[in-house]
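Residues per chain are reported as follows:
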Amino acid sequence: MTTDELVLNELKETGALLQGHFLLSSGRHSDRYVQCARLLQYPDRAARVLAVAAEQFRPVPFDLIVGPAMGGIIVAYELGRQLGKPGIFVERENGVMALRRGFVIAEGTRCIISEDVVTTGKSSEETAKVIRECGGEVIGIACIVNRSAELIQYPVWSSIRLTIESWPADDCPLCKQGIPWVKPGSRGNA
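Residues numbered from 1 in each chain as written. Predicted model: local features only at pLDDT ≥ 70, side-chain atom pairs only at ≥ 80, totals over all residues. Heavy atoms only, no water.

**Considering the UniProt feature "binding site: orotate" (unreviewed entry) in the protein**
Thinking step 1. UniProt marks Thr 119 and Arg 147 with the feature "binding site: orotate" (unreviewed entry), using the numbering shown here. On the basis of their most widely separated C-alpha atoms, the annotated residues across 29 residues gather in one place, lying no more than 5.1 Å apart.
Thinking step 2. Relative to the assigned elements, Thr 119 resides in the loop between β6 (110-118) and α5 (122-133).
Thinking step 3. Setting aside anything within four residues of it in sequence, one finds Thr 119 in contact with Arg 147, Ser 148 and Ala 149.
Thinking step 4. Locating Arg 147 in the fold gives a position in the loop between β7 (137-146) and β8 (156-161).
Thinking step 5. Assessed through its relative accessible area of 8%, Arg 147 is described here as buried. (UniProt positions renumbered as here; feature names shortened; annotations may be inferred. Helix = DSSP H or I, 4+ residues; strand = E, 2+ residues; numbered from the N terminus. Contact = heavy atoms within 4.5 Å. Buried < 20%, exposed > 50% of the residue type's maximum accessible area, 1.4 Å probe, protein only.)

**Here we look at the pairing of strand β1 (residues 17-23)**
Thinking step 1. Where β1 meets strand β2 (residues 29-34), 5 bridges bridge the pair, whose relative direction is antiparallel. Bridged to Leu 17 within β2 is Val 34.
Thinking step 2. Here β1 folds back onto β2 in antiparallel fashion, the turn holding 5 residues, of which Gly 27 has a positive phi close to 95°. (Pairing = 2+ DSSP bridges.)

**A short note on the nonpolar core**
Thinking step 1. Leu 11, Val 34, Phe 57, Leu 79, Ile 112, Ile 144 and Val 145 are the most contacted members of the largest nonpolar core, which totals 29 residues.
Thinking step 2. Ranked by residues supplied to this core, first place goes to helix α3 (residues 43-57) with 6 residues.
Thinking step 3. Of all hydrophobic cores here, the second largest spans 16 residues; its members include Leu 64, Val 66, Ile 131 and Val 138. (Core = buried A, V, L, I, M, F, W, Y, C linked by side-chain atoms within 4.5 Å.)

Written as structure tokens, this is what we have:
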């Protein structure tokens, strides 16, 4: 079994691959959504899936894993556990990503950003801004699913790359069929 088959199988068996009509945090619409929380609720499955990404950047020198809340918290913990590095997270404070809870990023700290799914890179860039403001250096992004179609300015190490089509809201074929959308994820309700 290839690593893509292993990861896809875990996503399917845990019900993490959703079909329907979804409003994404980017404002675009899609007929598929990856709800990694459904995978991450199973520590053994999460460990297997994240080991695929961890092996890709194991030789890269870094000091700290930083995940944006919500999706990157468990990913940061598990990658840190597998690689023997600390894992922390940033979270929104007054609508802006910030370090809280006593977490510190020292000057010169080499950081990997952890995510569940990378689509536009918006959460990663918000996390990178916090890291840079602290004097840290962003080395790359590690994630379960890379579904980005856009150029991300850092290396992305993912357990799997999925191509999931999305449309602008005003050109969504599902809207034209009158199918109601749901807004999943940490910025929505599913």
